[in-house]
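# Report on the structure
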Amino acid sequence: MTAHNFVVVTFAESSKAYEALSDIRQAAQAGRISVPAAIIAEREPDGHLHLAEGADARIGDGAFSGGLIGMLIGILGGPLGMLLGWGTGALAGGFVDVERVNRAETAIGEFSSRLPAGTTAIFAEAREYAEEVLDGLVAPLDGVVVRRPAAEVLAELESAQDAARAANREATKVMRQERRQERKEAWEERVARLKERFHHKG
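Residues numbered from 1 in each chain as written. Predicted model: local features only at pLDDT ≥ 70, side-chain atom pairs only at ≥ 80, totals over all residues. Heavy atoms only, no water.

## Quick word on the environment of Thr-119
- Residue placement: Thr-119 occurs in the loop between α5 (107-113) and β5 (120-128).
- Here the alpha-carbon distance between Thr-119 and Glu-42, two residues 77 residues apart in the chain, equals 5.8 Å.
- Ignoring anything within four residues of it in the chain, the contact list for Thr-119 reads Thr-10, Phe-11, Ala-41, Glu-42, Arg-43 and Arg-114.
- Within the structure, the side chain of Thr-119 is placed 2.9 Å from the backbone oxygen of Pro-116, a separation counted as a polar contact. (Helix = DSSP H or I, 4+ residues; strand = E, 2+ residues; numbered from the N terminus. Contact = heavy atoms within 4.5 Å. Polar contact = N/O pair within 3.5 Å; in protein donor to acceptor, adjacent residues only side chain to side chain.)

## Here we look at the pattern of salt bridges
- Applying the stated criterion across every chain yields a total of six salt bridges.
- Between Asp-142 and Lys-16 there is a salt bridge, and its shortest N-O distance comes to 3.0 Å. Pair noted here: Asp-142 is in the loop between α6 (131-138) and β6 (144-149) and Lys-16 is in helix α1 (residues 14-29), with a separation of 126 residues, a long-range link.
- Between Arg-147 and Glu-131 there is a salt bridge whose closest N-O contact spans 3.5 Å. Of this pair, Arg-147 sits in strand β6 while Glu-131 is found in helix α6, placing the two residues 16 residues apart along the sequence.
- Residue Arg-147 is classed as buried on the basis of its relative accessible area of 18%. (Salt bridge = Lys/Arg side-chain N within 4 Å of Asp/Glu carboxyl O. Buried < 20%, exposed > 50% of the residue type's maximum accessible area, 1.4 Å probe, protein only.)

## Some thoughts on the side chain of Arg-148
- Residue placement: Arg-148 occurs in strand β6.
- Engagement of the side chain of Arg-148 in a polar contact is seen with the side chain of Glu-152, the distance being 2.6 Å.
- For Arg-148, the contacting residues outside a window of four places in its chain are Asn-5, Phe-6, Thr-106, Ala-107, Glu-110, Phe-111, Val-153 and Glu-156.

Structure representation (structure tokens):
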């Protein structure tokens, strides 16, 4: 029986992600696993997900903007993904609706929590005849596999849309507040410097 899964495989070293994707491509060509789409992405220090470019960083074509992978990366790379995963701070403090996508109980939350800043991951939609195939390919490269049924991930993405929009609104509000604070601090520093100059002249 074939299982239609969404899989995220994380690596501490980006080079190992490329090596693993090459091995997965060969396994797919040999008929050991079916991978309609896969792409390498890296969680940047600011929390966003950067998609790798080039043919060696992906399997399939055209599935990353409007497909399941593209939608999930859009959620995980945005404010909601930061709330569920690696970051908290002022954004989490001001956002009370995160329970709509609870980290402990959802695929989206689990995927995000496994993607701290500096992590490189393979996102893949896969039809697996046996989980041991993929697990065996990535284990020697220290890859950590998280898989969930693709239907479950799709349903969560549908229900996460409202929460993601709310998170984006809150993120925008927090960024505006931080910019206002920065401008205020810059103003006060300039006034202090000016006062000091006058003091020295006197």
